[in-house]
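Below are the chains, spelled out letter by letter.
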Amino acid sequence: MRNQVGSAPTKTWTFFEDDWHEGNVAIMGPRTHGAWLGSVVFDGARAFEGTTPDLDRHFVRVNVSAERFLLKPVVPIETWLGLAREGLKRFDPTAALYIRPMYWAELGTTGGGVRFDPESTRWCLCIYEAPMPAPNGLSVTLSPFRRPTLECAPVDAKASCNYPNNARALIEAYRRGFDNCLMRDMLGTIAELGNANVFMAKDGVVYTPAPNGTFLDGITRQRVIALLRGDGVSVVEKTLNYADFEQADEIFSTGNFSKVIPIIRIDGRQLQPGPFFQRARELYWAFAHNG
Ligand code: PMP
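Residues numbered from 1 in each chain as written. Predicted model: local features only at pLDDT ≥ 70, side-chain atom pairs only at ≥ 80, totals over all residues. Heavy atoms only, no water.

By the naming in an unreviewed UniProt entry, the chain is Probable branched-chain-amino-acid aminotransferase, taken from Methylovirgula ligni. One UniProt comment on the chain, placed under Cofactor (unreviewed entry), says "pyridoxal 5'-phosphate". Turning to the chain, the UniProt record has this under Function (unreviewed entry): "Acts on leucine, isoleucine and valine." (UniProt positions renumbered as here; feature names shortened; annotations may be inferred.)

This is how it looks when you write it as C-alpha cells:
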C-alpha cells in the first residue's frame, strides 16, 4: 500500500501503477511535473442508480484532452472501460459515484523544467462516492472573471490548470451570496457557469451558448440538446448576452456531476424550475436507464 495523503472524505478506490488502492493514495511527489506546474488533464463521468451514461465518451475525451495538451495518452479506451467495470465492483451497485481518469506529466526537462516531457505520462483512474445533488435549484450572478481564449490557456483540453480561474469565479460569487455564476468569454458573451454548461428558454425555444472554443462543449450538454431535439423541442445554439439570461423564462444547467439542475434565481429575480428543465431531466434519466 502506498502512502496515504490525509484521508479520503468518502469511500475511494484508485487504480494506479498496476493495482487498486483504497483511500487518498499518493500519486505524485514533490518532483512530479504535474504537481508542481499543473500538467494534468482529467475527465469526470458518473455511475448512479446502476447506470453509467456516456462513460465511453468521457474516456475518449480524456485521451483527446491529453493529445491537445501535448501529453501522450497511453491508455486505450477499452482498457479504461475495463478498469472502470472492475473498479465499480468495489462499490454498492446502485451507489452514486464520480469516475475520474487522469493523466499527468511526471518529468520536466532539464534547464528549468517548464517544458514537460510529453512521453513521461502517468495516469490513474479514481472512483469515489459522491451523492447526486438534489435538483433544488441554484442562484446565479454575473462573474467579473472571464473565460480565456485558446491563445491564452489550454481551453481545448479538460485540463486542471483551467480550473483555478473557475474556482475564483465561484468563490467570488459565493461571497456575494450566490451558488454559481455566469462567466463570459473575452468578447463579453456568455460562455457557461463556473462548473457546468448553461441553457435558457424564452417564448417556447431553448437556447444555449454556441461553442466558440472558450468553454467545454460538454458531453451532457450535447446529450441534452440531442434528447430535447429528439423530443421535438427547438434548441438553438447562439451567441447569448447576460441580458438574455436576465430576461429568460427559465434557466438550467447541464454537467456530468449534477446532470440537469434548475437555476431558480438570477441576481434579485426568482425563477421557477420550468417545463424545459423538467423535460430535459426526465429525458436524461430515461436515456441513462434505457440508452
Ligand atoms: N464546463 C465546465 C467548466 C465543467 O467543469 C463541466 C463539467 N465537466 C462542464 C462544463 C460540463 O461538461 P460535461 O457535461 O462534459 O461534464
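Next comes the rest of the account.
Visitor: In this structure, what is going on with the layout of surface pockets? I would like to understand it.
Guide: Empty space among the atoms can be located by rolling a probe the size of a water molecule over them. In this structure, the largest pocket occupies an estimated 680 Å³ of space. Surrounding the largest pocket, 40 residues form its lining, Lys158, Tyr163, Asn195, Ala196 and Gly255 being those nearest its centre. Breaking the lining of the largest pocket down by element, the ones donating at least two residues are α2 (55-68), α4 (163-175), β9 (190-193), α5 (219-230) and β13 (250-255). Among the residues making up the lining of the largest pocket, the classes are represented as 17 nonpolar, 17 polar and 6 charged. Split by domain, the residues of the lining of the largest pocket number at least three in each of domain 1 (12-129) and domain 2 (138-290). Of the voids in this model, the second largest pocket is the one considered here, and its volume is about 290 Å³. Around the second largest pocket, the lining comprises 17 residues; the ones closest to its centre are Arg61, Arg68, Asp156, Leu216 and Asp217. Contributing elements (two or more residues each) for the lining of the second largest pocket: α2 and α5. (1 Å grid on protein atoms, 1.4 Å probe; cavity = no way out; pocket = protein on both sides within 12 Å on 5 of 7 lines; lining within 4 Å. Points joined across faces, edges and corners; volume = space filled by probe spheres on them. Helix = DSSP H or I, 4+ residues; strand = E, 2+ residues; numbered from the N terminus. Nonpolar A, V, L, I, M, F, W, Y, C, P; charged D, E, K, R; others polar. Domains from an automatic or database assignment.)

Visitor: I keep staring at the state of the cysteines and nothing clicks. Help me out?
Guide: Simply put, disulfide is the name for a covalent bond between the sulfur atoms of two cysteines. Taken as a whole and assessed by the stated rule, the structure comprises 0 disulfides. Counting only cysteine sulfurs, cysteine 161 is the nearest neighbor of cysteine 152, a cysteine outside any disulfide, at a range of 13 Å. A disulfide-free cysteine, cysteine 181 has its sulfur positioned 18 Å from the sulfur of cysteine 161, the nearest such atom. Judged by relative accessible area, cysteine 181 falls into the buried class, the value being 0%. (Disulfide = S-S within 2.5 Å. Buried < 20%, exposed > 50% of the residue type's maximum accessible area, 1.4 Å probe, protein only.)

Visitor: Explain the site of the ligand here, please?
Guide: Near the ligand you find 14 residues, and of these Lys158, Tyr163, Glu192, Ile219 and Thr220 are the closest. Side-chain polar atom of arginine 61 to an oxygen atom of the ligand: 2.8 Å apart, as the coordinates give it. Here a nitrogen atom of the ligand sits 2.5 Å away from a polar atom, N or O, in the side chain of glutamate 192. Burial of the ligand by the surrounding chains reaches 94%, relative to a free accessible area of 390 Å². (Near = heavy atom within 4 Å. Polar contact = N/O pair within 3.5 Å; in protein donor to acceptor, adjacent residues only side chain to side chain. Areas by Shrake-Rupley, 256 points an atom, 1.4 Å probe, with all protein chains shown as cover.)

Visitor: How should I be thinking about α5 in this particular structure?
Guide: With 12 residues, α5 ought to run about 16 Å at 1.5 Å a step, and its terminal C-alpha atoms sit 16 Å apart, in line with that. Every buried residue belonging to α5 is among Ile219, Thr220, Arg221, Val224, Ile225, Leu227 and Leu228, and all of these are buried. Positioned one or two residues after α5, glycine 232 has a phi angle of 90 degrees, which is positive. (Expected span 1.5 Å × (residues − 1).)

Visitor: Honestly, the packing of α5 against helix α7 (residues 275-290) in this entry has me stumped. Any pointers?
Guide: Between two packed helices, what matters for the description is the angle formed by their axes and the separation of those axes. Interhelical geometry of α5 versus α7 gives an angle of 105 degrees and a closest axis separation of 9 Å. The orientation of α5 with respect to α7, classified from their angle, is roughly perpendicular. Counting all contacts with α5, which are made through Thr220, Arg223, Val224, Leu227 and Leu228, the residues of α7 involved are Phe276, Arg279, Ala280, Leu283, Tyr284 and Phe287. Its residues assigned to classes, the contact of α5 with α7 shows 8 nonpolar, 1 polar and 2 charged. (Axes fitted to C-alpha atoms, helices over the stretch in contact; angles between N-to-C directions. Parallel < 35°, antiparallel > 145°, perpendicular 65-115°, else oblique. Contact = heavy atoms within 4.5 Å.)

Visitor: Please explain the pattern of salt bridges as it appears in this structure.
Guide: Where charged atoms from two side chains of opposite charge approach closely, those side chains can pair. Using the criterion set out here, one finds 13 salt bridges in the structure. Here aspartate 54 makes a salt bridge to arginine 223, at a shortest N to O gap of 2.7 Å. Taken together, the residues aspartate 54 in the loop between β4 (45-47) and α2 and arginine 223 in helix α5 connect sequence positions 169 residues apart. Overall, aspartate 54 belongs to the buried group, its relative accessible area being 8%. A network of salt bridges, in which partner residues are shared, links Asp217, Arg221, Arg229 and Glu237. (Salt bridge = Lys/Arg side-chain N within 4 Å of Asp/Glu carboxyl O.)

Visitor: Got a minute to help me understand the domain arrangement of the chain in this structure?
Guide: Where interface size is quoted, it is often the accessible area lost as the parts come together. Under the domain assignment, the chain is made up of domain 1 (12-129) and domain 2 (138-290). The interface of domain 1 with domain 2 comprises 20 residues on the first partner and 22 residues on the second. Taken over both partners, the interface formed by domain 1 and domain 2 buries close to 2,000 Å², and the fraction arising from carbon and sulfur atoms is 56%. Summed over the shared surface of domain 1 and domain 2, the number is 1 salt bridge. (Buried area = accessible area lost by both parts, 1.4 Å probe.)

Visitor: Teacher, can you tell me more about the pairing of strand β6 (residues 121-129) here?
Guide: Two faces, one strand: in a regular strand the side chains alternate between the faces of the sheet. Here strand β1 (residues 12-16) pairs with β6 via 4 bridges, running antiparallel. Each bridged residue has a counterpart across the sheet, and for threonine 14 the counterpart in β6 is cysteine 126. (Pairing = 2+ DSSP bridges.)

Visitor: It is not clear to me how a nonpolar patch on the surface should be interpreted in this structure. Could you clarify?
Guide: Judged by side-chain polarity, Trp36, Leu37 and Val114 come together as a nonpolar surface patch covering roughly 340 Å² of accessible area. Along the polypeptide, leucine 37 turns up in helix α1 (residues 33-37). (Patch = residues over 30% accessible without salt bridge, like charges linked within 9 Å, V, L, I, M, F, W, Y side chains within 5 Å.)

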